[in-house]
Amino acid sequence: MVLGPIDYTIIIIYLVGTVVFGAYIGRKIKSGKDYFLAGRSLPWWAIGMSLVVSDIGAVDMVGIAGSAYLYGIVLGNYDWLGSVPVMIIAAFLFIPMFWKKKVSTIPEWLGARYNSSVQTTSALIWGIYMPINLGIILYASAVMLNVLLDLDPKVLILSDDKAVVEKVAHSTDTKKYDFIYASSIDKGIQLSKDRNPIIVFIDKNLSAESNNRNLFTGIPFVSFTENEISSSWGEINMNRAREPDWDIFYSILIMGIVIGVYTFIGGLRAVVYTDVIQCVVMLGGSLFVLFFGIIKLGGVSEFVNIITSMGERTKDHFSLVLPVDTKTPHPWSGILFGLGFVLANAYWIGNQSIVQRSLGARSMADAKASYIFGALLKILIPFAMVVPGIIALAYNPDIADADKAMATLIKEIMPTGLIGIFFAAFLAGLMSSVDSFLNSAATVWTTDIYKKYFRPKADDAHYLVVGRVFTIIFILVAIYVAQFATGFESLYDLAQTLLSFFQGPSLAIIILGVLWKRATGTGALVGLIGGVSFSALLMWVHSNATIPLFQVSEPFLYVALWSFILSIMLTVIVSLYTKQEPEEKLRGMVYRYD
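Computed from a prediction, not measured in an experiment: that's the story for all the values here. Each chain carries its own residue numbering, running from 1 in the direction its sequence is written. This being a predicted model, a pLDDT of at least 70 is required before a residue's local features are given, and a value of 80 or more before pairs of side-chain atoms are given or counted; all residues contribute to the totals for chains, interfaces and linings. Computation of side-chain values: all heavy atoms of the structure, hydrogens and water removed.

Draft legend 1. Up close: the overall build of the protein chain. Secondary structure elements follow DSSP: runs of H or I no shorter than four residues count as helices, runs of E no shorter than two count as strands, and numbering proceeds from the N terminus. Secondary structure summary: the protein chain contains 26 helices and four strands in total. For the protein chain, whose C-alpha radius of gyration is 25 Å, the value lies close to the compact-globule estimate of 25 Å for 594 residues. Projected onto its principal axes, the C-alpha positions of the protein chain cover 85 × 55 × 45 Å. Burial classification: accessible surface area is computed with a 1.4 Å probe over protein chains only, and a residue below 20% of its type maximum counts as buried, one above 50% as exposed, and the rest as partly exposed. For the protein chain, with 594 residues in total, the buried portion stands at 61%. Throughout, the radius of gyration refers to the C-alpha atoms, and the reference size of a globule is 2.2 Å times the residue count to the power 0.38.

Here's what the structure looks like:
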């Protein structure tokens with residue numbers, strides 16, 4: 001199904017409307033406080049919806065559906081186990097501690113609790129990570145844009161053997177191209193006229209019709225046998241392809257400019273209130289895809305039958321608990337300990353782009369209520385994001401790039417008119433995660449680096465200008481970084497892997513800082529640096545050892561767990577051997593120590 005004029009009209013209206021609304025919301029911003037924390041005037045319901053839509057933004061909408069396409073319902077644990085319980089705990093224990101200190105960032109709170117060295121180290125970690133993650137999110141946005149608008153360059157593969165088709169596809173860069181297939185030369189010729197591929201691969205087993213090959217006018221073609229196929233073969237032959245009409249970089253650029261404009265103008269207030277609209281549009285659209293997709297398959301039982309009939313490939317697709325020796329990145333042990341105990345807590349308690357919204361709440365009650373409201377909404381997310389990924393598998397088990405599963409599903413099942421609405425829904429999620437990281441990155445660099453070390457006594461209007469300059473810088477960095485995200489099978493796994501390097505150590509020093517008054521600045525610094533270094537070491541050993549350190553392909557859950565444990569141990573040991581922080585410094589910073 002291709003987009004019709006009404007679809008393009010809806011998309012353009014939504015994009016223009018979002019930018020105009022964001023600019024309108026931010027028209028009265030006069031200071032850094034307004035820009036970074038919305039003047040601490042945000043209501044609970046707006047923050048709660050913003051928390052949810054940012055969390056299930058670009059990487060989740062593209063990546064979770066793609067991972068569900070590969071691994072199944074186990075991805076639901078990232079919300080049911082990894083969000084709801086943690087958000088409730090955070091609402092009553094950690095968020096009030098941060099809010100009442102009137103800080104702008106998590107590193108700033110760490111500086112107040114420990115010392116400036118911990119603040120700066122944490123700020124640099126977040127300051128480096130967020131622009132990189134922005135690039136991943138922008139790339140996810142571009143993937144969705146390209147698939148829904150059918151902009152990806154087409155590669156035509158002619159073979160009557162599905163295994164051969166898949167080998168050819170995987171010998172090239174599956175994320176850059178849209179692979180189309182035909183089982184005969186005649187069908188391939190018609191497809192080439194309809195879809196305008198940049199190159200044609202022809203299995204020599206179809207040689208009986210070789211006299212028709214000259215009909216691929218102006219399109220390079222490669223005749224091959226299965227034995228020839230390899231990654232180097234694919235790379236060499238793709239160099240023969242003609243230049244595509246549209247490069248994914250153009251989509252990255254468009255999304256970066258659109259989102260950058262209203263974030264630059266409106267700051268956190270624009271981010272949160274545009275997220276409210278995007279939450280309604282995205283959740284409504286995603287849930288409609290869920291119901292419409294199952295109905296078109298013939299109901300729930302038929303949907304389940306189709307998936308289970310695929311054999312070994314989908315034997316665990318409806319299992320929430322996977323064995324320890326699973327080859328997926330989601331074993332039960334990693335989910336329970338790595339996700340449930342570490343990554344989930346670190347995300348909702350210590351992730352700057354998430355917590356910053358609650359820091360802008362108009363009262364402590366609003367800060368708490370926002371997390372509780374967000375937790376209730378998060379219960380719906382596996383139904384809106386994970387199950388549609390499995391539905392996409394039922395409709396099309398031959399998608400070469402799993403990250404395109406959700407967009408492909410929408411394009412295949414939705415009629416003209418509705419595609420535009422759901423494209424707008426997906427743009428909502430994509431835009432919300434970019435704007436939140438963009439604003440948070442600018443906040444960290446302005447508050448914890450620039451203000452602290454370069455202009456500590458400048459007026460608030462000056463920090464507004466600096467924040468906007470950083471916003472421009474980071475959107476440009478993100479556009480550059482986005483071009484390198486194509487080398488990973490799953491965008492979601494890539495994002496989680498990056499987080500696992502420092503989320504465990506960051507969580508360790510936050511928890512000890514809130515719950516244990518004996519934790520010292522020196523202990524926290526050693527725990528943070530030691531934990532991050534240990535994460536890097538574990539990843540390096542796992543990637544380079546003859547026998548992998550972990551049984552799973554992407555061990556981010558285990559890395560987060562072990563780095564968290566080591567950071568706790570280092571912080572406790574060093575703290576016990578160093579001088580306790582002054583009593584007056586600890587009051588109001590440690591739980592029940594006022």
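And the narrative resumes.
Draft legend 2. Molecular detail of the packing of helix α15 (residues 332–350) against helix α16 (residues 352–359). Between α15 and α16, the least distance of the axes is 6 Å, while the angle of their chain directions is 40 degrees. Of the possible angle classes, the one that applies to α15 and α16 is oblique. Together, Y347, W348, I349 and G350 of α15 and Q352, I354 and V355 of α16 make up the contact between the two elements. Each residue gets one label: Ala, Val, Leu, Ile, Met, Phe, Trp, Tyr, Cys and Pro are nonpolar, Asp, Glu, Lys and Arg are charged, and the others, such as Gly, are polar. Each residue belonging to the contact of α15 with α16 can be placed in one class, and the counts come to five nonpolar, two polar and no charged. Working convention: axes come from line fits to C-alpha atoms, limited for helices to the stretch in contact. Angles between N-to-C directions cover 0 to 180 degrees. Angle categories: roughly parallel below 35 degrees, roughly antiparallel above 145, roughly perpendicular from 65 to 115, and oblique for all the rest. Contacts are assigned to residue pairs with any non-hydrogen atoms lying within 4.5 Å of each other.

Draft legend 3. Highlighting the environment of W516. Structurally, W516 can be placed in the loop between α23 (503–515) and α24 (521–544). For the pair formed by W516 and A478, sequence separation is 38 residues and the distance between their alpha carbons is 38 Å. When residues no more than four places from it in sequence are discounted, the contact partners of W516 are R113, I511, V572, S575, L576 and V590.

Draft legend 4. Quick peek at the side chain of S535. Looking at the secondary structure, you find S535 in helix α24. Here a polar contact means two N or O atoms within 3.5 Å. Within protein one must be a hydrogen donor candidate and the other an acceptor candidate, and residues neighboring in sequence count only if both atoms are side-chain atoms. Looking at S535, its side chain comes within polar contact range of the side chain of S563, at 3.2 Å. For S535, the residues in contact, after removing those within four places along its chain, are S500, F501, V559 and S563.

Draft legend 5. Representation of the packing of aromatic side chains within the structure. Each aromatic pair joins two rings of Phe, Tyr and Trp (for Trp, the six-membered one) with centres within 6.5 Å, and gets the label stacked for planes under 30 degrees apart, edge-to-face for over 60, and tilted for any other angle. Under the defined criterion, the tally for this structure stands at 19 aromatic pairs. Between W44 and F373, the aromatic rings sit 5.4 Å apart at their centres with planes inclined by 85 degrees, giving edge-to-face as the arrangement. In this pair, W44 is assigned in helix α3 (residues 44–55) and F373 in helix α17 (residues 364–378), connecting sequence segments 329 residues apart. With a relative accessible area of 35%, W44 lands in the partly exposed category. For the ring pair Y129 and F502, a centre distance of 5.1 Å and an interplane angle of 65 degrees mean the geometry is edge-to-face. Linking Y129 in helix α9 (residues 116–148) with F502 in the loop between α22 (491–500) and α23, this pair joins segments that are 373 residues apart in sequence. F502 matches Y129 in its accessibility class, with the two residues each being buried. One aromatic cluster is present, formed by W126, Y129 and F502 through successive ring pairs. Only Lys NZ and Arg CZ are tested; either one counts as a charge over a ring when it is within 6 Å of the ring centre and within 35 degrees of the ring normal. Just above the ring of W99 sits the side chain of K102; from NZ or CZ to the centre is 3.4 Å. One Lys or Arg, K452, reaches over the ring of Y453 and ends 5.9 Å from the middle of that ring.

Draft legend 6. Representation of unusual backbone geometry within the structure. Even without glycine at this site, K102 takes up a positive phi of about 60 degrees. With respect to the helices, strands and loops of the structure, K102 is situated in the loop between α7 (94–100) and α8 (106–113). Phi angles above zero are rare outside glycine, and N196 is one such case at about 55 degrees. Within the secondary structure, N196 is located in the loop between α11 (185–195) and β3 (199–203).

Draft legend 7. A look at the pairing of strand β1 (residues 154–158). Most of β1 sits out of view: five of its five residues are buried. Here β1 shows no split at all, with K154, L156 and L158 on one side and V155 and I157 on the other all buried. Here five bridges tie β1 to strand β2 (residues 178–182), and the two strands are oriented parallel to one another. Bridge assignment links K154 to a residue of β2, and that residue is D178. Note on pairing: DSSP must find at least two bridges between two strands before they are called paired.

Draft legend 8. Fine view of the side chain of R40. With respect to the helices, strands and loops of the structure, R40 is situated in the loop between α2 (32–37) and α3. Here R40 sits buried without a salt bridge, and the closest side chain of opposite charge, E108, lies 6.5 Å off (N-O distance). Separated by 3.1 Å, the side chain of R40 and the backbone oxygen of V103 make a polar contact. Looking at R40, its side chain comes within polar contact range of the main-chain oxygen of L359, at 3.5 Å. Note on charges: Lys and Arg go in the positive column, Asp and Glu in the negative column, and His and the chain ends are not counted at all. By convention in these notes, a salt bridge is any Lys or Arg side-chain nitrogen within 4 Å of a carboxyl oxygen on Asp or Glu.

Draft legend 9. Summary view of the confidence of the model for the protein chain. What pLDDT expresses is the predictor's confidence in each residue, scored from 0 to 100. Of the residues in the protein chain, 92% reach a pLDDT of 70 or more, and the chain-wide mean stands at 82. No element of the protein chain has a lower mean pLDDT than α22, which averages 66, and none a higher one than α17, which averages 94.

Draft legend 10. Looking closely at the pattern of salt bridges. Scanning the entire structure with this criterion turns up six salt bridges. As a salt-bridge pair, D366 and R362 come within 3.3 Å of each other at their nearest N and O atoms. On the basis of relative accessibility, which here comes to 7%, the residue D366 falls in the buried class. For the salt bridge of E581 with K585, the shortest nitrogen-to-oxygen distance reads 3.1 Å. Using a relative accessible area of 25% as the deciding quantity, one classes K585 as partly exposed.

Draft legend 11. Geometry of the packing of α3 against α17. At a minimum axis separation of 7 Å, α3 and α17 run at an interaxial angle of 45 degrees. When the axis of α3 is compared with that of α17, the two are oblique. α17 is crossed by α3, and the crossing has right-handed handedness. Taking contact as the criterion, the partners of W44, W45, I47, G48, M49, L51, V52 and D55 in α3 are, on α17, D366, A369, S370, Y371, F373, G374, L377 and K378. Tallied by class, the residues present in the contact of α3 with α17 amount to 10 nonpolar, three polar and three charged. Left-handed describes a crossing in which the near helix is turned anticlockwise from the far one by less than a right angle; the clockwise case is right-handed.

Draft legend 12. Structural view of α17. Working rule for helices: expected span equals 1.5 Å times residues minus one. Under the 1.5 Å per step criterion, the end-to-end length of α17 is 22 Å for 15 residues, consistent within 8% with the ideal 21 Å. Taken together, the buried positions of α17 are occupied by D366, A367, S370, Y371, G374, A375, L377 and K378.

Draft legend 13. Here's a closer look at the sheet that holds β2. Taken in spatial order, the four strands make up an open sheet running β2-β1-β3-β4, and their pairing is parallel. The open sheet has two edge strands with one neighbour each: β2 and β4 (221–224). Adjacent strand axes in the sheet meet at a mean angle of 20 degrees, parallel and antiparallel pairs treated alike. For β1 and β3, the ladder comprises four bridges, and the chain directions are parallel. Paired with L158 across the strands is I202, a residue of β3. Here helix α12 (residues 231–238) sits on the sheet and contacts β1, β3 and β4; the angle it forms with β3, its principal contact strand, is near 135 degrees.

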